[in-house]
Structure formats: C-alpha cells, structure tokens
Amino acid sequence: LPLTGVVQSPPIFSGTYAYVLMRDAKGTIFEIDTEVGEIIGRIELGRRAGPGITVGSDGRLYIPAESQGIAVIEINARKPDGNRAKPSLVGTIRT
C-alpha cells in the first residue's frame, strides 16, 4: 500500500508501529510496521481529522476530528490467541 495524499501531521510512534494521519475527507490513518518498513493497515475515521495525533497514557490513539470531537482508537488490543488485533475505533469524546 502506498501512502496516498497529503500527510496531516508528523507520525506518532507506539512500540514498533508508526501512525500517519492523512489530510483527507475520510480521516485516514496509515499504520506502519517500522521493523519491516511496510504499511500494514489503514484506519478511517469516517470524517476529516483535525491537526495532531497523540498516544495517551492508556496506549490509545487520540485524534481531534470534525464536529467538536476526539476520536479514540485502540491500538494494543489482543485476540484470544494472544496475537495483536487490528486497531479499531472505540468511540468519540465530545468536546
């Protein structure tokens, strides 16, 4: 998967993964495995994201989004077999 579009803000790192927020109408975030240098996933907020992305002390991504909200994405969940689960949107904090 190539990075397509314009990068919204510098990448944020969590463990061996980097998350790159794109400037597009879908609020796309690319997930990159920094150990192999490959894009391994794509998350879409479903709306344009604001500037910035951060990892909270709880290990979740927090991204300001349109309509006075902050999208919360779980990036450290595990499957029952212990393998890493795909990142997922867990909710929006209204501001």
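What counts, and where the lines are drawn
Residues numbered from 1 in each chain as written. Predicted model: local features only at pLDDT ≥ 70, side-chain atom pairs only at ≥ 80, totals over all residues. Heavy atoms only, no water. Core = buried A, V, L, I, M, F, W, Y, C linked by side-chain atoms within 4.5 Å. Buried < 20%, exposed > 50% of the residue type's maximum accessible area, 1.4 Å probe, protein only. Helix = DSSP H or I, 4+ residues; strand = E, 2+ residues; numbered from the N terminus. Pairing = 2+ DSSP bridges.

Caption draft 1: Molecular detail of the nonpolar core. If you look at the biggest cluster of nonpolar residues, it comprises 13 residues, and the most contacted ones within it are Y19, I29, L45, I53, L61, I63 and I73. Put simply, the parts of the chain that give this core at least two residues each are β2 (17-21), β6 (60-65) and β7 (69-74). The dominant element in this core, judged by the number of residues it contributes, is β2, at three residues. One finds A18, M22, F30 and I32 within the second-largest nonpolar core, a separate group that totals six residues.

Caption draft 2: Looking closely at the sheet that holds β6. Within the open sheet, the four strands sit side by side as β5-β6-β7-β8. Their pairing is antiparallel. With one partner strand each, in any of the chains shown, β5 (54-55) and β8 (88-94) form the two edges of the open sheet. For β6 and β7, the ladder comprises six bridges, and the chain directions are antiparallel. Residue I63 lies in a different strand from β7, and its bridge partner there is A71.

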